[in-house]
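Survey of secondary and tertiary structure
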Amino acid sequence: MSSDAFKWESLLHTDAPQGCSLKAALFTTYDRADERLLVEHLLPLLLKLSREPDGEGAERQYFLLELDGHLKRLHDHLVVVSSTAREEPGDADERDSGTYEWIWRSIRRLTVGSQSKAVQHAKLWLLHWVAKDNNGIEYLELVVSSANLTRAAFKGQIQAAWRACIELRPQGSAARLNGWGVLPHFLRELATSAGDSGRLTPFVELLARVECPERVTLRLKYFTEA
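Residues numbered from 1 in each chain as written. Predicted model: local features only at pLDDT ≥ 70, side-chain atom pairs only at ≥ 80, totals over all residues. Heavy atoms only, no water.

Now for the overall build of the protein chain. From N to C terminus, the protein chain includes seven helices and eight strands. For the protein chain, the share of sequence-separated contacts (at least 6 apart) that also reach a separation of at least 24 residues comes to 78%. Split by element, the accessible area of the protein chain, about 11,900 Å² in all, is 49% carbon and sulfur. (Helix = DSSP H or I, 4+ residues; strand = E, 2+ residues; numbered from the N terminus. Contact = heavy atoms within 4.5 Å. Areas by Shrake-Rupley, 256 points an atom, 1.4 Å probe, with all protein chains shown as cover.)

Structure (structure tokens):
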């Protein structure tokens, strides 16, 4: 939620100020991310595409080209971490998702458990925004929810979420980083478990540039098994 009061709203929106563009993003999910959800819903919103994904013929091709161009510019700056790499497709909708496998050429996809059996349950989004005007103000938007990155989670389920969009300071500080409690350590352990220990370091550095909101404590789940 973006305020102290509970209210109904779509999780597929952003509190970033008008005129901002996405610079980097981290998404964590228990279930593997659904490519169709990303391509047809989440990415068009965050990348502010001018074309619609549900167009036909040439319009759809222009949409896909626009999306591909944005993803190439953000190559390796979008990261998705899950507990499951890939399951066998079950229904027609799942098989349709395979049409969009090409997005992983630009989006870094990580799975925990590279060293020992592990499960992560967090549904965390960290979105790094930058203003397009001359002042270049940067923001970190944090979303903690109960929603996996699957169409079922967004289509037929009621979810809960907390959201905050905070202006970034020019420089990081240890005090600000410590203010986030377990979150920096969680990100480091997540990357290590996924076999890419430095991949999430840029997001830890972003946390050092922003104050944790007052009276906010984040609890994130990550388990390992011997």
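Now that the structure is up, let's keep going.
Positive phi outside glycine occurs at D76, with the angle close to 70°. Here D76 is to be found in the loop between α2 (58-73) and β2 (78-82). With phi around 65°, R215 is a residue other than glycine that occupies positive phi space. For R215, a relative accessible area of 75% gives the class exposed. (Buried < 20%, exposed > 50% of the residue type's maximum accessible area, 1.4 Å probe, protein only.)

For the rest of this paragraph, the subject is the sheet that holds strand β6 (residues 138-145). Pairing within the open sheet is mixed, and its six strands lie in the order β3-β2-β1-β5-β6-β7. The open sheet has two edge strands, β3 (108-111) and β7 (161-167), and neither has a second partner. Each neighbouring strand pair of the sheet contributes to a mean axis angle of 15°, computed without reference to strand direction. By the bridge criterion, seven bridges tie strand β1 (residues 20-29) to strand β5 (residues 124-131) in an arrangement that is antiparallel. Among the inter-strand pairings, S21 is bridged to a residue of β5, identified as V130. Across the sheet, helix α1 (residues 35-47) is in contact with β1, β2, β3 and β5; its angle to β1 comes to roughly 145°. (Pairing = 2+ DSSP bridges. Axes fitted to C-alpha atoms, helices over the stretch in contact; angles between N-to-C directions.)

Let us now look at the pattern of salt bridges. All chains considered together, the criterion is met by 16 salt bridges. Note that K23 and E138 form a salt bridge whose closest N and O atoms lie 3.5 Å from each other. Of this pair, K23 sits in strand β1 while E138 sits in strand β6, and the two are 115 residues apart along the sequence. Classification of K23 as partly exposed rests on a relative accessible area of 41%. E138 sits in the buried class, given a relative accessible area of 15%. D196 is the partner of R199 in a salt bridge, and the nearest nitrogen-oxygen pair spans 3.1 Å. For D196, a relative accessible area of 22% corresponds to the partly exposed category. Beyond isolated ion pairs, a larger network of salt bridges with shared partners links R32, E35, E101 and R109. (Salt bridge = Lys/Arg side-chain N within 4 Å of Asp/Glu carboxyl O.)

Take the packing of α1 against α2 next. Where α1 meets α2, the closest approach of the two axes is 11 Å, and the angle between their N-to-C directions is 60°. Accordingly, the angle class assigned to the pair α1 and α2 is oblique. Once α1 is placed against α2, the crossing between them reads as left-handed. Here V39, E40, L43, P44 and L47 of α1 come into contact with α2, specifically with R60, F63, L67, H70 and L71. The residue makeup of the contact of α1 with α2, split by class, is seven nonpolar, one polar and two charged. (Parallel < 35°, antiparallel > 145°, perpendicular 65-115°, else oblique. Left-handed = near helix turned anticlockwise from the far one by under 90°. Nonpolar A, V, L, I, M, F, W, Y, C, P; charged D, E, K, R; others polar.)

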